[in-house]
Amino acid sequence: MRNKFTNNPASQLRWVVFLLAIAVILPTVCLLWFMTQAVKNERLAIRQKLIDSYTSRSQDIFFKYPGSYWNTAEKNLNVFSALVIYDQNDKIIYPVRSNPNLTAPSDNLQKAWKLEYSDKDYEEAIKQYELIADSSSIVEVIYECKTAITRCLVKQNKIDEAIAKCRRLVYPEPNALPIPSTQAAHAGLMLADLYSKINHTDLYSELKSQLSNTLKLNVSTETKIFILEELIKTAEKNGFAGNLKTEIPIAQKFIDSALLSITAADYLDNHSGLKSRPLNTFLKIQTLEPLYGIYFKNSDRNILGLLTTEKMAQFWQKSVDDFTDELVFCRIYDDKGRQIAGRETADGEIFSSLKLKNYFAGWKTELYFRGGVFKEAANKKMLVYIWIAGAVIISMLASSLLAGKAVLKQAKLNKLKNDFIATITHELKTPLSSMRVLVDTLLDGRCESKQQETEYLQLIAKENVRLSRLIDNFLTFSRMERNKQAFDIAPASPVEIANNAAEAVQAKFEKANVKFNLTVSKPLPMINADKDAMVTVLVNLLDNACKYSYDNKQIELKVFTQNDLVSLQVKDNGIGLTHRQMKKIFDRFYQTDTSLARRAEGTGLGLSIVKFIVDAHKGKINVESKPGKGSIFKIIIPAIKNQSGEI
Ligand code: ADP
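Treat the numbers as computed from the prediction; the structure is a model and nothing was measured.

**Q** Would you explain the overall build of the protein chain in this entry?
**A** The secondary structure content of the protein chain amounts to 17 helices and 16 strands. Here the protein chain holds 647 residues, and the buried ones make up 42% of them. A separation threshold of at least 6 residues defines the contact pool for the protein chain, and within that pool the share at least 24 residues apart is 67%. Here the protein chain displays about 36700 Å² of accessible surface, and carbon together with sulfur accounts for 55% of that area.

Okay, structure coming up:
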């Protein structure tokens with residue numbers, strides 16, 4: 001079978017390109033396919049991974065709730081909408097309930113009430129109340145009567161007198177019997193009421209102080225609510241709501257919270273209290289608007305913190321904030337399907353819907369991925385893949401190119417070697433066969449004269465010299481190839497080198513009718529050189545000048561100095577060289593005419609040997625030439641300072 005890598009470089013190139021294309025394109029296509037699959041899988045994997053991780057995170061956040069926020073709440077009771085406080089025996093301390101079984105009213109008191117309410121005999125009622133107050137030792141009874149007297153005065157329309165009496169109750173003399181809180185609260189309310197009746201100038205300040213005082217009084221929560229509500233009504237009726245901007249909202253807040261506390265306390269009283277309730281968990285108090293409570297210990301008291309649905313939403317918002325990040329968000333709905341907390345717009349992809357448990361039955365939380373999250377994540381991955389693929393393709397291309405280059409180089413080398421062998425065979429064969437013909441003629445005694453015999457022997461000698469030179473060249477080249485050529489560098493005279501070279505080619509030049517001219521411009525410095533090697537350089541150049549010239553051969557060897565350099569220049573009027581050829585002539589085995597039938601004998605090694613030697617002398621060689629116009633080969637070698645090289 002014919003080897004594909006024949007000597008034809010075009011077909012070699014085609015094969016190399018084809019193989020390279022397969023070596024690059026096939027893996028690239030595979031890589032791209034793999035990448036697309038990988039990105040797809042990656043996208044799914046990322047999605048699943050995120051769902052798993054966020055679902056487990058949501059369990060912590062939404063089901064262990066409100067554990068993580070609970071500590072803050074415990075320290076700050078203000079987070080609650082209302083409180084129910086118990087002592088250690090689970091007896092309610094707050095809200096303070098009014099005691100309905102006060103000591104039964106005495107007969108005298110019942111008589112006074114009858115006079116006031118049934119008989120409407122206020123005069124007699126006042127007398128009866130005064131009698132009881134003076135005779136009783138129970139402070140509540142005394143002040144009950146004093147309040148009743150004021151009430152009767154009002155009913156008699158004796159307002160000024162009533163105000164005076166009422167003021168004494170609200171602002172008692174320093175040595176007076178201290179008034180119980182409940183009576184004080186009622187008296188305060190009554191005074192404000194009386195002031196309002198006559199548009200008294202002190203009404204505003206009285207309302208202001210009663211609104212604050214009532215909050216501090218140690219009375220039942222219901223009483224407090226009642227008094228505060230009445231005071232607020234009076235303030236509003238008299239147009240003071242705007243002036244009491246601080247006091248009214250505080251009172252109102254207390255009323256709202258106290259009502260919640262009472263509602264929760266009543267509900268729990270009717271539903272087996274708190275006994276079965278575990279500590280630190282939420283419970284739902286199913287009133288009209290559901291209340292959420294958490295029961296916990298606080299020093300020596302047990303507290304039920306109450307949250308309205310709105311407050312609860314604020315609590316949940318903390319869970320929502322905890323869950324939310326740049327990838328996900330969530331929304332929480334209560335049992336009526338109202339959104340309680342979380343992002344307002346559901347502009348994402350829902351990936352989970354969890355039912356909240358325990359006291360949040362019917363509540364649910366929806367977990368969403370933000371829009372475009374996967375695209376972003378996949379794009380990021382894609383970018384990494386693209387970089388990797390790019391790097392792989394580039395390195396594949398680079399290594400394929402290098403491999404291709406190496407293959408081509410090897411192919412070229414093979415061709416050169418083949419050519420070289422052919423050349424050597426040819427070059428060796430020519431002198432050998434002419435010598436054989438000459439020797440055969442001499443041996444057969446076919447020479448006509450002695451002179452012819454001598455001529456033949458001279459021809460044999462010449463061929464011999466040529467053969468030796470050829471073999472010398474091969475050997476030098478071979479040594480050069482193996483880097484074995486050692487030079488014996490010493491100060492040498494450039495003139496001597498030129499003369500030796502001229503002598504070496506003299507016979508040949510004479511034979512070829514060369515007009516040879518050796519010019520030496522003096523003075524000339526010495527150069528550091530291996531004399532024999534430099535002679536070889538010049539002989540090669542002169543030899544080429546002769547070989548590549550037409551019949552009218554004019555060759556000049558010129559030696560001259562230029563600054564610190566010595567130039568050895570060989571000029572001919574021969575066939576010249578193209579620009580392209582000039583670039584290649586120093587390459588090994590390069591010949592402009594590669595046909596075996598070329599006129600001049602040679603191996604394509606002469607100039608590469610020349611270049612090698614010149615380089616070893618730290619010199620330079622350059623060529624000036626034009627096709628048909630002859631060539632100039634110029635060698636420049638550094639001169640040794642202050643040493644004359646003339647002979
Ligand atoms: P060769 O043994 O073929 O002479 P060289 O290395 O000495 O090998 O020269 C390489 C090639 O350079 C030659 O084949 C020839 O084509 C070209 N060459 C060398 N010297 C000259 C010159 N003076 N004039 C024109 N061509 C030259």
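Moving on from the coordinates now.
**Q** Explain the site of the ligand to me, please; I cannot follow it from the model alone.
**A** Tyr548, Gln591, Thr592, Thr603 and Leu607 are the nearest of the 20 residues found near the ligand. Between Gly604 and the ligand, the recorded distance is 3.0 Å, taken from a backbone N or O atom to an oxygen atom. Contacts to the ligand include Leu607, whose backbone N or O atom sits 2.7 Å from an oxygen atom. Surface burial for the ligand is 97%, taken as the share of its 520 Å² of free accessible area covered by protein chains. For the shell around the ligand, the secondary-structure elements that each account for two or more residues are α15 (531-547), α17 (606-616) and β16 (631-644). Considering every element that reaches the shell around the ligand, the biggest residue donor is α15, with three residues.

**Q** Where do I start with the packing of aromatic side chains in this structure?
**A** Considering all chains together, one arrives at 11 aromatic pairs under this definition. Ring centres 5.8 Å apart and planes at 70° place the aromatic pair Tyr54 and Phe323 in the edge-to-face group. With Tyr54 in helix α1 (residues 9-63) and Phe323 in helix α11 (residues 309-323), this residue pair connects regions lying 269 residues apart in the sequence. When its relative accessible area of 5% is taken as the criterion, Tyr54 is described as buried. Measuring from ring centre to ring centre gives 6.5 Å for Tyr54 and Phe369, while their planes differ by 75°; the resulting arrangement is edge-to-face. Taken together, the positions of Tyr54 in helix α1 and Phe369 in strand β9 (residues 364-370) put the pair 315 residues apart, joining distant regions of the chain.

**Q** What's the story with the sheet that holds strand β8 (residues 348-355) in this structure? I'm lost.
**A** By definition, the strands of a sheet pair up through backbone hydrogen bonds, in either a parallel or an antiparallel sense. Taken together, the four strands give an open sheet; going across it, the order is β7-β6-β9-β8, and neighbouring strands pair in antiparallel fashion. Looking at the sheet topology across the chains shown, the edges are occupied by β7 (339-342) and β8. Strand-to-strand, the axes of this sheet are offset by a mean angle of 20°, without reference to chain direction. Bridging between β8 and β9 involves seven bridges; their strand directions are antiparallel. Residue pairing for β9: Lys355 is matched across the bridge by Lys364. Running at roughly 35° to β7, α11 makes contact with β6 (328-333), β7, β8 and β9 of the sheet.

Conventions used here
- Residues numbered from 1 in each chain as written.
- Predicted model: local features only at pLDDT ≥ 70, side-chain atom pairs only at ≥ 80, totals over all residues.
- Heavy atoms only, no water.
- Helix = DSSP H or I, 4+ residues; strand = E, 2+ residues; numbered from the N terminus.
- Buried < 20%, exposed > 50% of the residue type's maximum accessible area, 1.4 Å probe, protein only.
- Contact = heavy atoms within 4.5 Å.
- Areas by Shrake-Rupley, 256 points an atom, 1.4 Å probe, with all protein chains shown as cover.
- Near = heavy atom within 4 Å.
- Polar contact = N/O pair within 3.5 Å; in protein donor to acceptor, adjacent residues only side chain to side chain.
- Phe/Tyr/Trp six-rings, centres within 6.5 Å; stacked < 30°, edge-to-face > 60°.
- Pairing = 2+ DSSP bridges.
- Axes fitted to C-alpha atoms, helices over the stretch in contact; angles between N-to-C directions.

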